[in-house]
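Chains, contacts and geometry: an overview
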Amino acid sequence: MSRRSASLFVATLLALAPPAFSQPPGGDGKDATIASLQAEIRRLQTQQMHQGQQIRKDIDDWMWFSRMADIAKVDKVRFTSKPARMSNPTGQGYGNPLIISAYTFTPLSLKAGQKAPLMVVVHQGIHGSYETLLDLRTARELLAEGYVIVAPEYRGSTGYGGFLYDQIDYGGAEIDDTYAARNWAVENLPVDPLKVGIMGFSHGGYHTLMNILTWPKAYQVAYAGVPVADLVARMGYKDDRYRDIFEGFIGKTADQDVAEYKKRSPYAHASKLETPLLIHSTTNDEDVNVLEVEHLIDSLKAAGKKFEYKIYDNAPGGHYFNRIDTPLAKESRKEILAFFAKYLK
């Protein structure tokens, strides 16, 4: 926005403002005017953000359907999960299950009456979505191997307006949303309920870990790429702004409630692992520091668990190293597919 546009924007707000903006100058009246103006600007910025996200989501939906039409039957479905968070326990709709969306992809090669293995693919980003830029290649590779895909847009995802966005519950009900997608797919798609995998990168890797550690019998194999694994350590190496965001998610800072942050950390539940698991990380990850993944690996080893892992050394692309188009990325994704095949084919 140019300086002139910004000035016009503020002038328009003042002209249209409620009486509170018309306080006499000085003292509390001036402070109230400034506070009201700031609040209105924040409201409009938030509204504009969600409108932009919804437009991008509409465009990306079209991209999914058009770019996958040669290999899959694509659909977008809606189902229910845990109730939405509401502040008024006597309010209308309190306790109603939250409606969640998900993408589904069924290989065109799947014949009528056949059942395929299912892969639950969990998108990255605390506030993110399943998007063609980051997820298209992996989806096409899975479909080429014969997997049916369900990709949940769990609470907190972008592109669905402010209500779903604000429902984010880091490590809480959002994990139930992914599990609900798994259950919906088993009941409604042509899949074998005894051949279900789950995978994700970054926050999607976090979802993957929390799902298999909470419902180990529900999944036969799992892949966690550069996963968030230790929220206590994470708060230690991130800045104040990031810690403030998590205080909004969880209700307290890590120093105020270490136990809650630990409870929402996969490493703390290492003893519950039963599902075959492959973990990838890289030493130059600029988002999820490798020390988090190393702590997870050490915890799994200490618990006597069998799993596979690889920590790459300065992989090109850092946090996104195996979601891009380098030879290393393609080789890494081949390793993932080979690992899945051992348990689902």
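Residues numbered from 1 in each chain as written. Predicted model: local features only at pLDDT ≥ 70, side-chain atom pairs only at ≥ 80, totals over all residues. Heavy atoms only, no water.

1. Side note on the overall build of the chain
A tally of regular secondary structure across the chain gives 11 helices and eight strands. The globule rule puts the C-alpha radius of gyration for 345 residues at 20 Å, and the 22 Å found for the chain is close to it. By principal-axis analysis of the C-alpha atoms, the chain measures approximately 75 × 45 × 45 Å. Within the span of the chain, comprising 345 residues, buried residues form 50% of the whole. The long-range share in the chain, meaning contacts at least 24 apart out of those at least 6 apart in sequence, stands at 73%. Of the roughly 16600 Å² of accessible surface on the chain, 53% is carried by carbon and sulfur atoms. Once the 40 positive and 40 negative side-chain charges of the chain are each reduced to a mean point, those two points are 4 Å apart. (Helix = DSSP H or I, 4+ residues; strand = E, 2+ residues; numbered from the N terminus. Rg over C-alpha atoms; globule rule 2.2 N^0.38 Å. Buried < 20%, exposed > 50% of the residue type's maximum accessible area, 1.4 Å probe, protein only. Contact = heavy atoms within 4.5 Å. Areas by Shrake-Rupley, 256 points an atom, 1.4 Å probe, with all protein chains shown as cover. Lys, Arg positive; Asp, Glu negative; His and termini not counted. Charge placed at Lys NZ, Arg CZ, Asp CG, Glu CD.)

2. Structural notes on the pattern of salt bridges
It is possible for side chains of opposite charge to pair when their charged atoms get near one another. All told, the structure shown has 19 salt bridges when counted by the stated rule. Residue Asp325 pairs with Arg137 through a salt bridge whose shortest N-O separation is 2.4 Å. Here Arg137 lies in helix α3 (residues 132–144) and Asp325 lies in the loop between β8 (308–312) and α11 (327–344), a separation of 188 residues in the sequence. On the basis of relative accessible area, Asp325 is assigned to the partly exposed category, the value being 43%. Residue class for Arg137 comes out partly exposed when judged on its relative accessible area of 34%. Put simply, Arg264 and Asp169 hold a salt bridge, and the shortest N to O gap is 3.1 Å. Here the residue Arg264 occupies a position in the loop between α9 (258–263) and β7 (277–282), and Asp169 occupies one in the loop between α4 (162–166) and α5 (173–188), the gap between them amounting to 95 residues. Residue Arg264 shares its accessibility class with Asp169, and that shared class is buried. Linked by salt bridges that have partners in common, Asp169, Glu260, Lys263 and Arg264 make up one network. (Salt bridge = Lys/Arg side-chain N within 4 Å of Asp/Glu carboxyl O.)

3. What about the packing of α5 against helix α6 (residues 203–214)?
As a packed pair, α5 and α6 sit with axes 10 Å apart at the nearest point and diverge in direction by 80°. In terms of orientation, α5 lies roughly perpendicular with respect to α6. When α5 is examined against α6, the residues Glu174, Ile175, Thr178 and Tyr179 are found in contact with a partner set consisting of His203, Tyr206, His207, Met210 and Asn211. Residue composition of the contact of α5 with α6, grouped by class: four nonpolar, four polar and one charged. (Axes fitted to C-alpha atoms, helices over the stretch in contact; angles between N-to-C directions. Parallel < 35°, antiparallel > 145°, perpendicular 65-115°, else oblique. Nonpolar A, V, L, I, M, F, W, Y, C, P; charged D, E, K, R; others polar.)

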